Amino acid sequence: MSRAEPTQDLSAAVAAPPIPITKPVFGPEELAAVQRPLETGWVVQGPNVAEFERKFSAYTGAAHSAAASSCTTALHLAVAALGLKPGDEVIVPAFTWVATANVVEYMGARPVFCDIDLATFNIDVARIPSLINSRTVGMIPVHLFGLAADMGPLLEIARRHGLWVVEDAACGFGAWDHGRHAGTLGDAGAFSFHPRKSITTGEGGMVTTDRPELDGMVRSLRDHGASRSDLDRHNKAGYLLSEYNVLGYNYRMTDIQGAIGVVQMDRADGVLDARRARAARYDQLLAEIEWLERPVVPAGLVHGYQSYVALFRPEAPSLASVDALHERRNRLMAALEAEGIATRQGTHAPILQGFYRDRYGLRREDFPQSVLGDRLSLSLPLYPQMTDAEQDRVVEALLRLFDA
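Residues numbered from 1 in each chain as written. Predicted model: local features only at pLDDT ≥ 70, side-chain atom pairs only at ≥ 80, totals over all residues. Heavy atoms only, no water.

### A few points about the side chain of Thr208
This is how it is decided: Helical segments are the DSSP runs of H or I of at least four residues, strand segments are the runs of E of at least two, and each set is numbered from the N terminus. The rule is simple: take the accessible area with a 1.4 Å probe, protein chains only, and divide by the maximum for that residue type; under 20% is buried, over 50% is exposed, in between is partly exposed. Polar contact is defined as a pair of N or O atoms within 3.5 Å, subject to the rule that within protein one atom must be able to donate a hydrogen and the other to accept it, and that residues adjacent in sequence are counted only when both atoms are side-chain atoms. Residues count as neighbours in contact if any of their non-hydrogen atoms are within 4.5 Å of one another.
Along the chain, Thr208 turns up in strand β11 (residues 205-209). Exposure remark for Thr208: the relative accessible area of 1% places this residue in the buried category. A distance of 2.7 Å separates the side chain of Thr208 from the backbone oxygen of Gly183, its partner in a polar contact. Not counting residues up to four positions away in its chain, the partners in contact with Thr208 are Phe56, Ala62, His64, Ser65, Gly183, Asp187, Ala188, Gly189 and Phe191.

### What to know about the packing of aromatic side chains
Any aromatic ring pair is given by two values, namely how distant the centres are and how the planes are angled relative to each other. Quick note on the threshold: Two rings from Phe, Tyr or Trp (for Trp, the six-membered ring) form a pair when their centres are within 6.5 Å of each other. A pair whose planes differ by under 30 degrees is stacked, one over 60 is edge-to-face, and the rest are tilted.
Applying the stated criterion to the full structure yields 18 aromatic pairs. Geometrically, the ring pair formed by Phe56 and Phe193 is edge-to-face, given 5.6 Å between the ring centres and 80° between the ring planes. A residue pair is termed long-range when its members are at least 10 positions apart, and Phe56 in helix α3 (residues 47-60) and Phe193 in the loop between β10 (188-192) and β11 qualify at 137 residues. Overall, the relative accessible area of 0% leaves Phe56 in the buried class. Take Phe193: its relative accessible area is 1%, and that puts it in the buried class. Members of the aromatic cluster, each reached through a chain of ring pairs, are Phe52, Phe56, Tyr59, Phe173, Phe191 and Phe193.

### Considering the pairing of strand β15 (residues 377-380)
Rules: Any two strands between which DSSP finds at least two bridges are classified as paired.
Because side chains alternate across β15, one face comprises the buried residues Ser377 and Ser379, and the other comprises Leu378 and Leu380, equally buried. Sheet topology note: the strand β14 (residues 308-312)/β15 ladder contains 4 bridges and is antiparallel. Across the sheet, residue Leu311 finds its bridge partner in β15, namely Ser377.

### Topic: the nonpolar core
Quick note on the threshold: Side-chain atoms within 4.5 Å link the members of a nonpolar core, which is a set of buried Ala, Val, Leu, Ile, Met, Phe, Trp, Tyr and Cys residues.
Ile140 and Leu398 are the most contacted members of the largest nonpolar core, which totals 81 residues. Sequence-distant contacts of Leu398, that is, excluding residues within four places in its chain, are made with Leu286, Trp291, Leu292, Leu332, Leu336, Leu378 and Leu380.

### Observations concerning the pairing of strand β1 (residues 64-68)
Most of β1 is tucked away: 4 of the 5 residues are buried. Pairing geometry for β1 and β11, over 5 bridges, is antiparallel. Along β11, the bridge assignment pairs His64 with Thr209.

Now the structure itself:
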């Protein structure tokens, strides 16, 4: 599609149904799955959660998968199980959802922010060594928007310095790194099943690991520190309570959510194939638009496309020009919204949020690429059910409203 050949006129665009940023994929199978726990009366963490965990491990190749109530709680469980404590430091990207840093704060430790590579929106591994000191115990790389971080050199740095690695794979379902699924390369991974993710249980998360002792600690911590799960107790000596020898949390997934997750896993390949096909079509439609930088996929990686996030750059961005470009991007997004087309910034930079900025005296000039990502990223609508006509409408509106 070119500027000279829009597929719809303005009146048609205004009258057309809204195009959301994403849509979950649900059908009669999910409805039936939800009904079964209600019929049996087993609605807390139980057999459906266990089956969801089994299917998730089979899909990703993780030796162990433990469901949680969200990705934030999954991350919290992972760092707690690894023994993160007050005074420790953990390196995290400066451009990521705030939960990545929050789980470090929950443990009384300090998140140390690392700038990103703006081309991929992921942590700039070359900057990591300068941030390591005697208090550094681990790293939390993020597979942002469905693209795996540069894990090879990052893991080598971790091995050299004796650091653990927890992968924030909130967006990482369907992301592959040289044949291995995101979230299975470090000590642990954490996934999200929020409705904006490729598969969803409404809310929910998963901790993956190949370390059996870490999996055991995660399973205990998510259930108040119990020595046995409710399902184990139900199967044998249910009249006795578990022992509680560690301080835990209530981070359990319900069996209703687990039942949805089981069905969603059966849909996973189709959902991911459709998302990748829509992303490839965006790449084609946007190929000649110089002011919008499309997502890149380095060799050896497979993008899961949790989101299709581009960079708004009508000129070479810098800290000097970013505020003016930010206003232009926002006006474009507002104009799209007025025509019923939803967009979002990719995510935010915690270093610009009041809590972290004020707590640690952070300056945006120390994280220039993350500031540009925060201010200039632009996420376009993407969902498996999207039609060619909807996608054409998004691109036509982008072109027309930018020119206006």
